[in-house]
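Topology and contacts: notes
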Amino acid sequence: MADRLTGMDVFVKAIRLGGISAAARDLHMSPAMAAKHLDALEARLGTTLVQRSTRRLSLTEAGTDYFEKAERILMEIGEAEAEASSRSITAQGLLRVSAPATFGVLHLASLIPAFSARHPEVTIELSFNDRYVDLLEERWDVAVRIGRLANSALVARKLVTMRVVLCAAPSYLARRGTPTRLADLGDHDCLGHTNASLAGTTSWAFGKDGTIKVPISGSMCSDNGEALVRAAIAGQGLVYGPRFIAAEALRAGQLSELELDEPPMMLGAAYAITHPTRRPAAKTRAWIDFLAEALPALGTDW
């Protein structure tokens, strides 16, 4: 069984790393030994998994199917080992973190030095995008999600409360006037977010539950909240979205917060999400504990 798993590991790493020699280095064995393990694997299966040349490896049809299954098996073995050692006192290894793009760039990236100083044996892989990632399928250790969590089997820990804000630059307000009612928004240039259903390009949602929909229009829209804030600072129009994006500009007086006759919708909070079938390893627990400490201090005006 050990030889079978070693052959599988050589095969997967050779494909992932681009060659048998690279796989051998990663597994601390000679290239000749790695090649023997791959030969034995193919002999045992009775099929060719890879076509080999002096420059590259290419998967056969059988190899493509086997690769996906072998990678999953090795991943599950790794998870089982991680769970078994999850009570380890020392946080160590690769920590894979997924987070929303703008929040990650503005606030998470700057926290990494402090975390690394506290846990020097942890290497962090950050992925910043607004896509809803599958923790188990895509092998993320933890994801940061913002908003109101739907009912889910995922395990969530609240990190920091978030608010929504309506704001504009003083130069824009001096030129176009200051709205005081929801009905006034129809007379203003509203910068909509193309990926936000409650603060989108055709309507904005107000009231704590977001049930009051107000038609809006504007001369610009974007799928990036920071871009909309930058445009608002330059006097392009009103921007409506998470306060954590606009907080620095509000503190600097580049934007002014506006209050209408109905409150902004409640955004919810930022959460650390883990999968219930995994016992979080020490590295994951350390990261979540660190965020639960650092983000409230950082986001006092979010």
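Our subject in this report is the structure included herewith. These figures come from a predicted structure and were not determined experimentally. (Residues numbered from 1 in each chain as written. Predicted model: local features only at pLDDT ≥ 70, side-chain atom pairs only at ≥ 80, totals over all residues. Heavy atoms only, no water.)

**Description of the overall build of the chain**
Within the chain, the regular secondary structure consists of 10 helices and 14 strands. For a compact globule of 302 residues, the expected C-alpha radius of gyration is about 19 Å, and the chain comes in at 25 Å, more than 25% above that figure. For the chain, the spread of C-alpha atoms along the three principal axes comes to 75 × 40 × 35 Å. Here the chain holds 302 residues, and 45% of them are scored as buried. Considering only contacts in the chain between residues 6 or more positions apart, those separated by 24 or more positions represent 73%. For the chain, the accessible surface area stands at approximately 15,600 Å², while carbon and sulfur atoms represent 51% of it. If you average the places of the 33 positive and of the 34 negative side-chain charges in the chain, the two averages end up 3 Å apart. (Helix = DSSP H or I, 4+ residues; strand = E, 2+ residues; numbered from the N terminus. Rg over C-alpha atoms; globule rule 2.2 N^0.38 Å. Buried < 20%, exposed > 50% of the residue type's maximum accessible area, 1.4 Å probe, protein only. Contact = heavy atoms within 4.5 Å. Areas by Shrake-Rupley, 256 points an atom, 1.4 Å probe, with all protein chains shown as cover. Lys, Arg positive; Asp, Glu negative; His and termini not counted. Charge placed at Lys NZ, Arg CZ, Asp CG, Glu CD.)

**Topic: the sheet that holds strand E14 (residues 268-274)**
Read from one edge to the other, the open sheet built from five strands follows the order E4-E3-E5-E14-E6, with strand pairing classed as mixed. Lying at the two open borders of the sheet, with one neighbouring strand each, are strand E4 (122-128) and strand E6 (155-162). The mean inter-strand angle of the sheet, taken between neighbouring strand axes irrespective of direction, is 20 degrees. Pairing between strand E3 (residues 93-99) and E4: seven bridges, direction parallel. Counted as the bridge partner of Gly93 is Val122 from E4. (Pairing = 2+ DSSP bridges. Axes fitted to C-alpha atoms, helices over the stretch in contact; angles between N-to-C directions.)

**Focus on the pairing of strand E12 (residues 238-242)**
Within E12, four of the five residues are buried, leaving the element largely enclosed by the surrounding structure. Two strands pair when backbone bridges link them, and strand E7 (residues 164-168) and E12 are joined in this way by four bridges, in the antiparallel orientation. Bridge pairing in E12 places Val164 opposite Pro242. As paired strands, strand E8 (residues 190-193) and E12 are joined by two bridges and run parallel to one another. From the neighbouring strand, Leu191 faces E12, where its bridge partner is Val239.

**Considerations on the sheet that holds E12**
The sheet built from five strands is open, its strands ordered E11-E8-E12-E7-E13 with mixed pairing. Of all strands in the sheet, those with a lone pairing partner are strand E11 (221-222) and strand E13 (256-257), marking the two edges. Here helix H8 (residues 225-233) sits on the sheet and contacts E8, E11 and E12; the angle it forms with E8, its principal contact strand, is near 170 degrees.

**As for the packing of helix H2 (residues 20-27) against helix H3 (residues 31-45)**
Contact pair H2 / H3: the axes reach a minimum separation of 8 Å and the direction vectors enclose 105 degrees. In terms of their interaxial angle, H2 and H3 are classed as roughly perpendicular. Of the residues in H3, those touching H2 at Ile20, Ser21 and Ala24 are Pro31, Ala34, Ala35 and Leu38. Looking at the contact of H2 with H3 residue by residue, the classes come out as six nonpolar, one polar and no charged. (Parallel < 35°, antiparallel > 145°, perpendicular 65-115°, else oblique. Nonpolar A, V, L, I, M, F, W, Y, C, P; charged D, E, K, R; others polar.)

**Looking at the pattern of salt bridges**
This structure, assessed with the given rule, holds 14 salt bridges. A salt bridge links Asp301 to Arg251, with the shortest nitrogen-to-oxygen separation between them at 2.6 Å. With Asp301 in the segment after helix H10 (282-298) and Arg251 in helix H9 (residues 243-251), this pair connects stretches of sequence that are 50 residues apart. The structure contains a network of salt bridges with shared partners spanning Arg243, Arg251, Glu257 and Asp301. (Salt bridge = Lys/Arg side-chain N within 4 Å of Asp/Glu carboxyl O.)

**Overview of the side chain of Ser98**
Inspection of the secondary structure assignment puts Ser98 in strand E3. Assessed through its relative accessible area of 3%, Ser98 is described here as buried. Ser98 has contacts with Ser127, Val133, Trp140, Val142, Ala143 and Val144, leaving out every residue within four places of it along the chain.

**Here's the deal with the environment of Leu258**
Note on placement: Leu258 falls in the loop between E13 and E14. Under the relative-accessibility criterion, Leu258 is labelled buried at 8%. C-alpha of Leu258 to C-alpha of Asp289: the two residues are 31 residues apart in sequence and 35 Å apart in space. Contact partners of Leu258, with chain neighbours within four places excluded, come to Leu166, Cys167, Ala168, Leu173, Thr178, Pro179 and Leu238.

**A word on the nonpolar core**
In terms of nonpolar packing, the biggest core is built from 63 residues, with Leu185, Trp204, Leu238, Leu255, Trp287, Leu291 and Leu295 touching the most fellow members. Considering each element in turn, this core owes the most residues, eight residues, to H10. When residues no more than four places from it in sequence are discounted, the contact partners of Leu185 are Leu166, Pro179, Cys190, Trp204, Phe206, Val214, Ile216, Leu238 and Leu260. Counting 19 residues, the second largest nonpolar core, distinct from the first, contains Val10, Tyr66, Phe67 and Ala70. (Core = buried A, V, L, I, M, F, W, Y, C linked by side-chain atoms within 4.5 Å.)

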